[in-house]
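Coordinate analysis (summary)
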Amino acid sequence: MASIQKLGLIAGNGKFPFLVLDAARAQGYEVVVAAIKEETFPEIESKGAASVQWLSLGELSKLIDTFKAQGITRAVMAGQVKHKQIFSSIKPDWRLAKLLLSLGTRNTDSLLGAVAKVLADEGIMLENSTALLEPLLAKTGVLTKRAPTAQERKNIEYGRAVGRRLAEYDIGQTVVIAEAACVAVEAMEGTDATIERAGLLMRSLELDSKSDSNIEPETSTLSRALTVVKVAKPGQDLRFDVPVIGLTTIETMARAGASCLAVDAGRCLLLDGEAIVRAADGAGIAVCAD
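A quick note: this is a predicted structure, and the numbers were derived from the prediction, not measured.

This part is about helix α4 (residues 108-121). Side chains of residues three or four places apart in an α-helix project in the same direction, reflecting 3.6 residues per turn. Taking 1.5 Å of rise per residue, 14 residues should cover 20 Å, and α4 covers 20 Å from first to last C-alpha, within 8% of that figure. Those residues of α4 that are buried lie in contact with β1 (6-11), α2 (60-69), β4 (74-78), α3 (94-102) and β5 (125-126).

If you want it as structure tokens, here you go:
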């Protein structure tokens with residue numbers, strides 16, 4: 001009788017961990033979930049994992065002990081862990097504190113790369129989080145009924161150039177553009193918060209124009225429609241920090257006045273699949289992958 005394959009799942013927030021869990025179970029894996037108290041949705045308890053162990057973001061030793069006790073030698077990370085949590089009131093255990101002190105920089109790549117090395121040293125190998133979800137990776141081309149306009153294409157071209165330089169330094173992976181001008185760049189706050197900030201800035205410009213009696217807002221020749229560009233990092237490590245888009249991103253774009261979304265084909269997960277395309281079509285948002 002074949003032995004049961006086991007897989008560890010380090011679950012952050014959002015739907016990503018649920019999709020990985022479902023896909024792993026469908027392929028016959030017995031999944032042991034390490035759920036992060038500060039991030040993971042509590043519904044993970046009822047999704048059929050072999051076990052769910054809750055731990056704090058600072059408890060790296062407990063994570064290792066949990067997986068070793070369950071015989072886990074392979075694991076995946078799925079779901080966002082907000083980078084700003086590093087500076088929160090969460091107390092790291094001795095192992096994580098030692099790791100943090102050893103880092104020259106505390107960006108996503110250096111932090112998670114160091115965690116991956118610690119796990120590997122303990123016999124737990126992190127694998128690509130997209131391996132079980134290949135059908136959800138964005139396909140090349142226009143994904144919605146509406147294609148980007150000529151101006152949106154210019155925004156995308158400029159946004160990709162800015163985004164790739166931003167990603168080189170592991171600062172963020174999302175930029176928001178209007179009329180080939182950079183309105184907002186992502187840092188620790190995450191994609192949706194960046195889009196919201198860009199929308200607030202555009203609305204503040206409208207209010208400023210209306211409050212100035214010497215300016216007629218309708219005379220402006222510059223469109224304030226926003227284009228959102230999300231890029232993968234050069235040499236993106238698919239074990240963690242994979243670019244993802246969900247329904248909430250489309251909803252946030254609609255509220256912010258964004259009319260176009262561009263992502264990297266084959267390197268960005270569309271977590272809600274066709275529901276994202278339907279929502280974008282309903283909001284008149286063009287989505288493309290190149």
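Our focus in this paragraph is the sheet that holds β1. Whenever strands of a sheet pair, they do so through backbone hydrogen bonds, lying parallel or antiparallel. Ordered by their spatial adjacency, five strands build an open sheet running β3-β2-β1-β4-β5, and the pairing between neighbours is parallel. Because the sheet does not close on itself, it has two edges, and the strands there are β3 (51-55) and β5. Across four bridges, the pairing between β1 and β4 is parallel. Looking at β4, one finds that Ala-11 is bridged to Ala-78. Contacts between helix α1 (residues 16-26) and the sheet are confined to β1, β2 (30-36) and β4, with β1 contributing the most and set at about 170 degrees to the helix.

Walk down a regular strand and you will see the side chains alternate between the two sheet faces. Side chains Ala-286 and Cys-288 project from strand β13 (residues 286-289) onto one buried face, and the interleaved Val-287 and Ala-289 project onto a second face that is buried too. Bridge count between strand β6 (residues 141-142) and β13: two bridges; the pairing is antiparallel. When the bridges of β13 are listed, Val-142 appears paired with Cys-288. In terms of strand pairing, strand β11 (residues 258-263) meets β13 through four bridges, oriented parallel. Each bridged residue has a counterpart across the sheet, and for Ala-262 the counterpart in β13 is Cys-288.

Looking at where Gln-173 falls in the secondary structure, it is placed in the loop between α5 (150-168) and β7 (174-178). A distance of 3.1 Å separates polar atoms of two side chains, one belonging to Gln-173 and the other to Gln-236. With residues near it in sequence (within four places) discarded, Gln-173 still touches Leu-166, Glu-186, Val-229, Lys-230, Val-231, Ala-232, Lys-233, Gln-236, Asp-241 and Pro-243.

Packing of α2 against α4 brings their axes to within 11 Å, and their N-to-C directions diverge by 40 degrees. Here α2 lies oblique to α4, going by the angle between them. As for the relative orientation of α2 and α4, their crossing is right-handed in sense. Side by side, α2 and α4 meet where Leu-60, Leu-63 and Ile-64 of the first sit next to Val-115, Val-118 and Leu-119 of the second. The residue inventory of the contact of α2 with α4, partitioned by class, reads six nonpolar, no polar and no charged.

Time to look at the environment of Gln-80. Here Gln-80 is to be found in the loop between β4 and α3. In this structure, the C-alpha to C-alpha distance between Gln-80 and Pro-17, residues 63 residues apart in sequence, is 9.2 Å. Those residues in contact with Gln-80 that lie beyond four places of it in its chain are Gly-12, Asn-13, Glu-39 and Gly-190.

The rules we used
Residues numbered from 1 in each chain as written. Predicted model: local features only at pLDDT ≥ 70, side-chain atom pairs only at ≥ 80, totals over all residues. Heavy atoms only, no water. Helix = DSSP H or I, 4+ residues; strand = E, 2+ residues; numbered from the N terminus. Expected span 1.5 Å × (residues − 1). Contact = heavy atoms within 4.5 Å. Pairing = 2+ DSSP bridges. Axes fitted to C-alpha atoms, helices over the stretch in contact; angles between N-to-C directions. Buried < 20%, exposed > 50% of the residue type's maximum accessible area, 1.4 Å probe, protein only. Polar contact = N/O pair within 3.5 Å; in protein donor to acceptor, adjacent residues only side chain to side chain. Parallel < 35°, antiparallel > 145°, perpendicular 65-115°, else oblique. Left-handed = near helix turned anticlockwise from the far one by under 90°. Nonpolar A, V, L, I, M, F, W, Y, C, P; charged D, E, K, R; others polar.

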